[in-house]
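Residue-level structure breakdown
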There are 2 protein chains.
Amino acid sequence: MKKPTIKDVAKLAGVSFKTVSRVVNQEPNVSESVKEKVLESIKQLNYQPNHTARVMRKAPFSLAFVYDNPNSHYVIEMQNGIISECRKKGFELVIHPTDSHSDEVGNELAAMIGSNQIGGIILTPPLSENKELVTFLLSRDAKVVRILSGEQPPDKLAPVLHVDDVDAGFKMTQYLLELGHRDIAFLGFHASHESSLGRVRGFKKAHELAGLSFDKNFIIDGEFTFESGMDMAKQVLAMPKRPSAIFACNDEIAAGAVFMARLNDLKVPEDISIIGFENSPFATQTWPHLTTIDQPNFDIAATAAAMVIEMMKSNDVHVVDSKGFSLEVVIRDSACKPSL
Amino acid sequence: MKKPTIKDVAKLAGVSFKTVSRVVNQEPNVSESVKEKVLESIKQLNYQPNHTARVMRKAPFSLAFVYDNPNSHYVIEMQNGIISECRKKGFELVIHPTDSHSDEVGNELAAMIGSNQIGGIILTPPLSENKELVTFLLSRDAKVVRILSGEQPPDKLAPVLHVDDVDAGFKMTQYLLELGHRDIAFLGFHASHESSLGRVRGFKKAHELAGLSFDKNFIIDGEFTFESGMDMAKQVLAMPKRPSAIFACNDEIAAGAVFMARLNDLKVPEDISIIGFENSPFATQTWPHLTTIDQPNFDIAATAAAMVIEMMKSNDVHVVDSKGFSLEVVIRDSACKPSL
DNA sequence: AAGAGCATTGACAACGTTGACACAAGTAAA
DNA sequence: TTTACTTGTGTCAACGTTGTCAATGCTCTT
């Protein structure tokens with residue numbers, strides 16, 4: 001049995017296929033009686049408008065989510081956020097994992113735009129930091145939304161969802177300072193990592209504002225991994241003046257640090273407070289549960305999707321404004337007042 | 001500047017647009033000289049065939065990956081496997097997260113099939129176990145491939161990729177028995193979870209084959225989470241006759257068990273061996289690194305994708321056969337010979 | 001040299017939809 | 001009563017491809 005087309009419905013309802021099209025698209029100027037008849041026929045034949053033909057006459061109903069991120073939790077949260085918005089609006093999501101070190105991304109995306117497969121693109125770091133890429137995509141008529149770390153959008157090229165890492169780092173540090181900690185180690189400094197830079201900046205800012213100095217040796221370089229977290233914690237715990245708290249740049253580092261603390265017979269948080277960043281599953285899969293910063297990835301992604309869809313619908317880049325997201329401290333069990 | 005169409009290319013090259021179509025589709029019977037001219041024009045105009053129009057005349061070039069799984073690592077690995085295959089074959093992936101408890105899945109997918117958005121579907125557990133759903137989708141002309149746990153495909157409805165959990169459970173248990181363990185606890189029995197059932201079956205089989213009995217009290221019910229792992233380990237460690245090894249049904253459980261062992265001042269693996277299952281990032285993000293079973297999710301997914309694509313291309317369900325995957329033990333540092 | 005056969009190319013319809021426009025009938029304004 | 005506008009409906013072209021078939025010209029038989 002072939003799939004029914006609009007013409008089959010029209011024949012059954014005894015009207016022209018254009019009238020059926022009108023009913024399907026909820027256009028005005030269809031009499032109640034006819035509309036009813038048509039809807040009846042649609043149900044009877046189980047008719048589904050052909051999405052492809054539709055796209056051909058209108059614009060693409062798909063957007064691409066481009067990522068280059070080893071953190072599957074992050075990707076899935078973003079992805080789910082985008083999808084939830086797409087479902088609401090009747091759009092489709094095409095995912096595009098990539099390697100940001102490859103020059104191919106731009107061309108691949110351009111090809112998808114050019115072939116009408118997608119109309120919009122959501123870019124995450126570090127791709128979203130690549131100004132050339134954005135400009136190139138824009139020149140190809142893509143609607144682009146970027147998710148970036150930073151207090152403010154860096155330019156006016158395309159709308160940006162900026163996540164305020166400085167503020168988050170500031171809040172978290174302030175929380176630790178208020179608990180009474182004075183010697184806080186920062187684990188996970190990474191010069192080429194925007195988020196890391198923002199978080200240290202907030203870390204410093206909080207100290208300055210409180211009129212406190214901090215030991216530069218307490219800022220440790222490292223990767224965003226469990227193992228690097230163990231290494232960095234090892235360094236820090238071996239120092240003559242051991243910190244009373246550890247600010248880990250993400251939850252994996254924090255989990256590694258917690259583990260290393262235990263290996264050194266230190267209880268968390270009684271002997272040493274350790275906080276994370278991201279509120280990933282890790283945060284509740286380690287013991288104690290991590291006090292951390294919640295990054296509302298799902299919401300950010302959903303907002304980004306809503307923006308691109310808006311831009312695609314109105315065919316205008318300037319229909320939406322950039323938007324900032326501030327992150328909040330989630331208090332759990334891995335930090336407390338320092339022991340005297 | 002509008003996107004160039006096949007007709008623009010034809011005009012520039014001074015041939016009919018049908019000839020251009022032939023060149024683009026690499027059809028035979030085009031003279032070298034003409035082909036060259038056309039390719040030149042294509043490059044000059046930066047022409048991209050309109051994917052949508054193409055789909056309308058042929059069949060859909062998209063397949064759906066349907067999942068209902070809280071494990072983001074699993075989802076991402078599958079997803080990446082499918083995409084890698086899609087890229088090679090010029091297909092597109094549409095992801096469809098869902099709630100298997102909802103009755104909507106079938107209708108949603110049927111709508112996507114009906115509207116020509118997708119042609120094939122890859123189903124993962126527990127959705128793939130739902131025979132009604134499969135039958136329904138098949139009746140809607142979908143090409144379906146299922147990924148299931150089990151030694152053999154349960155029916156001939158649609159091709160199945162079956163992962164042999166019994167064999168894997170068997171191998172892992174055998175490994176522990178060969179190390180010399182005689183009291184092994186099984187953490188994570190779950191009556192409605194096919195994989196879990198298979199793994200226990202292998203666990204029992206290995207004992208039987210070795211002519212050994214096992215303590216039924218050592219088979220503990222629980223969820224596939226870190227916290228449940230802690231709970232179950234707690235139960236088992238409190239038993240009068242403490243096991244010398246723990247068979248955890250997945251890596252999260254194992255990580256929870258490792259943690260609980262440490263809380264009880266037991267060294268892993270010296271005092272107690274703990275093995276995982278799945279070889280997720282968890283396995284190397286806990287200390288010691290977990291001896292576990294590797295599940296080649298990426299390969300399984302890629303194979304599944306290749307199958308669906310084959311079925312879509314030839315428009316025949318019987319063009320591919322079901323396929324079994326056997327899993328292998330990955331030896332790391334969390335299991336050793338029992339102390340005497 | 002003439003017909004058969006093949007390689008090359010083009011004209012045209014078709015896919016299933018939407019948009020532009022036409023037309024008939026009904027309704028309000030003159 | 002005529003005019004003009006509104007409402008409901010239909011006809012047809014168009015979107016950018018691919019499939020069908022016909023036309024051309026060439027080579028190969030005999």
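Look a little higher up for the structure.
Each value, and the rule that gives it
Along each chain, the written sequence defines residue order, and numbers are assigned to residues from 1. Whichever chain is written first becomes A and whichever ligand is written first becomes 1, with later ones labelled in order. Where totals are concerned, whole chains, interfaces and linings use all residues; where local detail is concerned, this predicted model gives features only for residues with pLDDT of at least 70, and gives and counts side-chain atom pairs only at 80 or more. To get the side-chain values, all heavy atoms of the structure are used, and hydrogens and water are removed first. All copies are superposed by least squares; the fitting set is the C-alpha atoms of residues with a pLDDT of at least 70 in both. Should any heavy atoms of two residues lie within 4.5 Å, those residues are considered in contact. Here a strand is any run of E in DSSP of at least two residues, a helix any run of H or I of at least four, and the numbering for each starts at the N terminus. Categorising residues by exposure relies on relative accessible area from a 1.4 Å probe, with only protein chains included: less than 20% of the type maximum marks a residue as buried, more than 50% marks it as exposed, and the intermediate range marks it as partly exposed. A pair is scored as a salt bridge if a Lys or Arg side-chain nitrogen falls within 4 Å of a carboxyl oxygen belonging to Asp or Glu. Criterion used throughout: strands pair if DSSP finds at least two bridges between them. Note on geometry: axes are C-alpha line fits, over the in-contact stretch for helices, and angles between N-to-C directions span 0 to 180 degrees. Directions are taken from the helix axis to each C-beta atom, and the arc is the one they span. Whenever a nitrogen or oxygen atom comes within 3.5 Å of another N or O atom, the pair is scored as a polar contact, on the condition that within protein one atom can donate a hydrogen and the other can accept it, and that pairs from neighbouring residues in sequence are kept only if both atoms are in side chains. Two parts lose some accessible area (1.4 Å probe) when they are put together, and adding that loss for both gives the buried area. Under this grouping Gly is polar, as are all residues other than the nonpolar Ala, Val, Leu, Ile, Met, Phe, Trp, Tyr, Cys and Pro and the charged Asp, Glu, Lys and Arg. Working definition: residue near molecule or strand if any one of its non-hydrogen atoms lies within 4 Å of it.

1. Here we look at the relation of the copies chain B and chain A
Superposing chain B onto chain A takes a rotation of 180 degrees combined with a translation of 0.0 Å along the rotation axis, leaving an RMSD of 0.1 Å. Such a combination of turn and shift is consistent with a two-fold rotation axis. Here 98% of the contact residues of chain B are again contact residues in chain A; the copies associate through an equivalent surface.

2. So, the side chain of Gln-79 of chain B
If you trace the backbone, Gln-79 of chain B turns up in helix 5 (residues 72-89). Owing to a relative accessible area of 0%, Gln-79 of chain B belongs among the buried residues under this scheme. Apart from the residues lying within four places of it in its own chain, the contact partners of Gln-79 of chain B are Tyr-67, Gln-79 and Ile-95 of chain A together with Phe-65, Leu-93 and Ile-95 of chain B.

3. Some remarks on the pattern of salt bridges
Residues and elements named next belong to chain B. Within the structure shown, the criterion is met by 16 salt bridges over all chains. A salt bridge links Lys-88 to Glu-85, with the nearest nitrogen and oxygen atoms 3.6 Å apart. Of the two residues, Lys-88 and Glu-85 are both situated in helix 5; the distance of three residues between them amounts to about one turn of the helix. A relative accessible area of 64% places Lys-88 in the exposed class. The closest approach of N and O atoms between Glu-328 and Lys-171, which form a salt bridge, is 3.1 Å.

4. A closer look at the sheet that holds strand 6 (residues 184-189) of chain B
All names here are of chain B. Sheet architecture is open: four strands sit in the order 7-6-8-9, paired in parallel fashion. The strands lining the two open edges of the sheet, one partner per strand, are strand 7 (219-221) and strand 9 (273-275). With strand direction ignored, the average angle separating the axes of adjacent strands in the sheet is 20 degrees. In the sheet, strand 6 pairs with strand 8 (residues 245-248) via four bridges, with the strands oriented parallel. Bridging from a neighbouring strand, Leu-187 pairs with Ala-248 of strand 8. Of the strands in this sheet, strand 6, strand 7 and strand 8 are in contact with helix 9 (residues 194-209), which crosses strand 6 at around 165 degrees. On top of the sheet, helix 10 (residues 226-237) reaches strand 6, strand 7 and strand 8; it is set at about 145 degrees to strand 6, its chief contact.

5. Digging into helix 1 (residues 6-13) of chain A
All names here are of chain A. Residues of helix 1 that are buried include every one of Val-9, Ala-10 and Ala-13, and no others. Along helix 1, the residues classed as buried sweep out an arc of 100 degrees about the axis, all on the same side. Away from its buried face, by an angle of more than 90 degrees, helix 1 presents the exposed residues Lys-7 and Lys-11. Where helix 1 is buried, its residues meet helix 2 (17-24) and helix 3 (32-45). Its side-chain oxygen at 3.1 Å from the backbone nitrogen of Lys-7, Thr-5 defines the N-terminal cap of helix 1. Just downstream of helix 1, Gly-14 is the residue with a positive phi angle, here 75 degrees.

6. Topic: the interface of chain B and chain A
Chain B puts 50 residues into the contact, and the matching count from chain A is 49 residues. With both sides pooled, the region where chain B packs onto chain A buries about 4,200 Å², and carbon together with sulfur makes up 56% of that total. At the boundary of chain B with chain A, the tally comes to 17 residue pairs in polar contact (both at pLDDT 80 or more). Counting residues per element, the ones that place at least two in the side of chain B that touches chain A are helix 4 (51-57), helix 5, strand 2 (92-97), helix 6 (104-114), helix 10 and helix 11 (251-263) of chain B. Among the elements that line the side of chain B that touches chain A, the one with the most residues is helix 5 of chain B, at eight residues. For the side of chain B that touches chain A, a count of residues per class yields 23 nonpolar, 18 polar and nine charged.

7. Details of the protein's contact with DNA strand C
As a matter of local geometry, DNA strand C sits amid 27 residues, with Ile-6 and Tyr-47 of chain A together with Thr-19, Arg-22 and Arg-57 of chain B nearest to it. Counting only the atoms of DNA strand C that lie within 4 Å of the protein, the sugar and phosphate share comes to 58%. One of the side-chain nitrogen or oxygen atoms of Asn-25 of chain A is found 3.0 Å away from a phosphate oxygen of DNA strand C. A distance of 3.1 Å is found between a sugar or linking oxygen of DNA strand C and a side-chain nitrogen or oxygen belonging to Arg-57 of chain B. Breaking the surface near DNA strand C down by element, the ones donating at least two residues are helix 1, helix 2 and helix 4 (51-57) of chain A together with helix 2 (17-24) and helix 4 of chain B. Grouping the constituent residues of the surface near DNA strand C by class yields 11 nonpolar, eight polar and eight charged.

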